[in-house]
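# Coordinate analysis (summary)
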Amino acid sequence: MTATANRRLSPQAKAALGIFARYATIAGLVGMIVAFSVLSPRAFPTLNNFTNVLNQASLAMIIAAGLTLAVIVGELDLSIGFAASLHGILVTGLIVSSGLPIPVAVAVVLVAGALIGFVNGLIVTKAKVNSVIATLGVGTILTGLAFAYSAGVPIVAGVPEEFLQLSLGRWLFGIPNNIVVMAVVVGGLWTLVERTAIGQEIQAVGGNPSAARLAGIDTDRIKILGFVVSGVCAALTGILLASRLGSGTASAADSYLLTAFAAVFLGSATLRDGEFHVLGTLIGALIIAFGFNGLNIFGAPTFSQYVLQGAILIVAVGLSSLGRSIAES
């Protein structure tokens, strides 16, 4: 719906469309949970299943939360899935082949993630390369590095049990570690964006870069920060995924790219008029996770997950566009 067509609507119709654009995703999530609960009362609506859903979705939430900051500042990071795969290989290689202690290996990989994000930011802001082209190119390079480092063979032998417990352990009140890490990351990024001065600058740059620049904000610095956060979250995702799988594999996290973008765009159609925000991304990731979980419970074929994810992405972008159209009218 264009802004011109939107202006022809009555105030009541605009208000109704605004409510639909803001709350349709939440209503869809609640409706999905209710429907699956009715159709499978013994398997779906249980604490164990809900915990499993959160645990399985936690890594997608982490990488999507980081991507959200890059998108908020008006850029796209297509390197995150490839970067996460490389980081999974790198952390296992540093532990198994180089003999580094687990904390040191994890720290090195997180710094590597920040560095990749920094490079992405420099290419976009200083070299003025479109973020889609820049990050896709960087992601392709990272894929080549992953295959070069591992020779195309998963790093499996020698992975210590202590590393596996990073993902598989339950160190806090019996809650899976991945859920705890996800909660810390999402909560931290929400606080950063919504409750700090830097967060206000991040939103200002995303809303109107020219106005932000005139207000004295270093827009390049803020955009680089968005890419750095995205890179660190991709690195953390790769580490936890390698811990969950017990191996480093060259393409293990590639599929997280589409999942992250679907969650981010679905989140932009949640609670706000087409604006990207961390809480919305969390809700978007939950919709995808519960959708996949329901399909698995009912024995749907694997291809149906890809169909669902693609459909969600299309619907999410449509709802986000509708929200922006209403907000601009």
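Above this text you will find the structure in question.
Please read these numbers as outputs of a predicted model, since none were measured by experiment.

Right, let's get into the overall build of the protein chain. Counting its regular elements, the protein chain contains 14 helices and 0 strands. Counted from the first residue to the last, the protein chain has its helices and strands arranged as α-α-α-α-α-α-α-α-α-α-α-α-α-α. With the C-alpha coordinates aligned to their principal axes, the bounding extent of the protein chain is approximately 65 × 55 × 35 Å. Across the protein chain, every contact between residues at least 6 apart in sequence was considered, and the portion connecting residues at least 24 apart equals 75%. Surface accessibility of the protein chain: about 14500 Å² in total, with carbon and sulfur atoms responsible for 69%. If the 15 positive side-chain charges of the protein chain are averaged to one point and the 12 negative ones to another, these points end up 9 Å apart.

The subject of this paragraph is the packing of aromatic side chains. Here the structure, examined in full by the defined rule, presents 7 aromatic pairs. Each ring, one from Phe44 and one from Phe50, has its centre 5.6 Å from the other, and the planes form 75°; the classification is edge-to-face. Look at Phe50 and you get partly exposed, because its relative accessible area is 29%. Clustering of aromatic rings is evident, with ring pairs tying together Phe36, Phe44, Phe50, Phe290 and Phe298.

In this section: the nonpolar core. Among the nonpolar cores identified, the biggest contains 68 residues, and Ile62 and Leu189 are the most heavily contacted of them. At 13 residues, the largest contribution of residues to this core is made by helix H3 (residues 47–72). With residues up to four places along the chain from it excluded, the contact list for Leu189 reads Ala65, Gly66, Leu69, Val229, Cys233 and Val278. Ranked by size, the runner-up nonpolar core spans 15 residues in total, among them Ala105, Val159, Ala235 and Ile239.

To find leftover empty space, a probe the size of one water molecule is rolled over the atoms. Computed from the structure, the largest pocket encloses a volume of approximately 600 Å³. Every residue lining the largest pocket is counted, 22 residues in all, and those nearest its centre are Gln56, Tyr256, Thr259, Phe292 and Gln305. Elements supplying a minimum of two residues to the lining of the largest pocket: H3, helix H11 (219–245), helix H12 (256–268), helix H13 (278–297) and helix H14 (303–328). Approximately 300 Å³ is the volume attributed to the second largest pocket. What lines the second largest pocket is a set of 16 residues, and nearest its centre among them are Ile72, Gly206, Gly207, Glu275 and Phe276. Take the lining of the second largest pocket: its biggest share by element is 3 residues, from helix H9 (residues 197–207).

Attention now moves to the packing of helix H8 (residues 177–195) against H11. Two packed helices can be described by the angle between their axes and the distance between those axes. In the contact formed by H8 and H11, the axes pass within 12 Å of each other and the chain directions differ by 175°. Between H8 and H11, the angle is such that the two are roughly antiparallel. Taken together, the residues of H11 that come into contact with H8 (itself represented by Asn178, Val181, Val185 and Leu189) are Val229, Cys233, Leu236, Leu240 and Arg244. Its residues assigned to classes, the contact of H8 with H11 shows 7 nonpolar, 1 polar and 1 charged.

Scanning the entire structure with this criterion turns up 3 salt bridges. One salt bridge in this structure joins Glu75 and Lys223, with 2.8 Å as the shortest N-O distance. Of this pair, Glu75 sits in the loop between H3 and helix H4 (80–96) while Lys223 sits in helix H11, and the two are 148 residues apart along the sequence. Judged by its relative accessible area of 15%, Lys223 is buried. The residue Glu201 makes a salt bridge to Arg221 at a minimum N-O spacing of 3.1 Å. With Glu201 in helix H9 and Arg221 in helix H11, this residue pair connects regions lying 20 residues apart in the sequence. In this structure Glu201 comes out as partly exposed when scored by relative accessible area, which is 24%.

With that out of the way, let us pick up the environment of Gly248. Residue placement: Gly248 occurs in the loop between H11 and H12. Its relative accessible area of 1% is what places Gly248 among the buried residues. Gly248 has contacts with Gly88, Ile89, Thr92, Pro154 and Ile155, leaving out every residue within four places of it along the chain.

Reading the values: rules and limits
Residues numbered from 1 in each chain as written. Predicted model: local features only at pLDDT ≥ 70, side-chain atom pairs only at ≥ 80, totals over all residues. Heavy atoms only, no water. Helix = DSSP H or I, 4+ residues; strand = E, 2+ residues; numbered from the N terminus. Contact = heavy atoms within 4.5 Å. Areas by Shrake-Rupley, 256 points an atom, 1.4 Å probe, with all protein chains shown as cover. Lys, Arg positive; Asp, Glu negative; His and termini not counted. Charge placed at Lys NZ, Arg CZ, Asp CG, Glu CD. Phe/Tyr/Trp six-rings, centres within 6.5 Å; stacked < 30°, edge-to-face > 60°. Buried < 20%, exposed > 50% of the residue type's maximum accessible area, 1.4 Å probe, protein only. Core = buried A, V, L, I, M, F, W, Y, C linked by side-chain atoms within 4.5 Å. 1 Å grid on protein atoms, 1.4 Å probe; cavity = no way out; pocket = protein on both sides within 12 Å on 5 of 7 lines; lining within 4 Å. Points joined across faces, edges and corners; volume = space filled by probe spheres on them. Axes fitted to C-alpha atoms, helices over the stretch in contact; angles between N-to-C directions. Parallel < 35°, antiparallel > 145°, perpendicular 65-115°, else oblique. Nonpolar A, V, L, I, M, F, W, Y, C, P; charged D, E, K, R; others polar. Salt bridge = Lys/Arg side-chain N within 4 Å of Asp/Glu carboxyl O.

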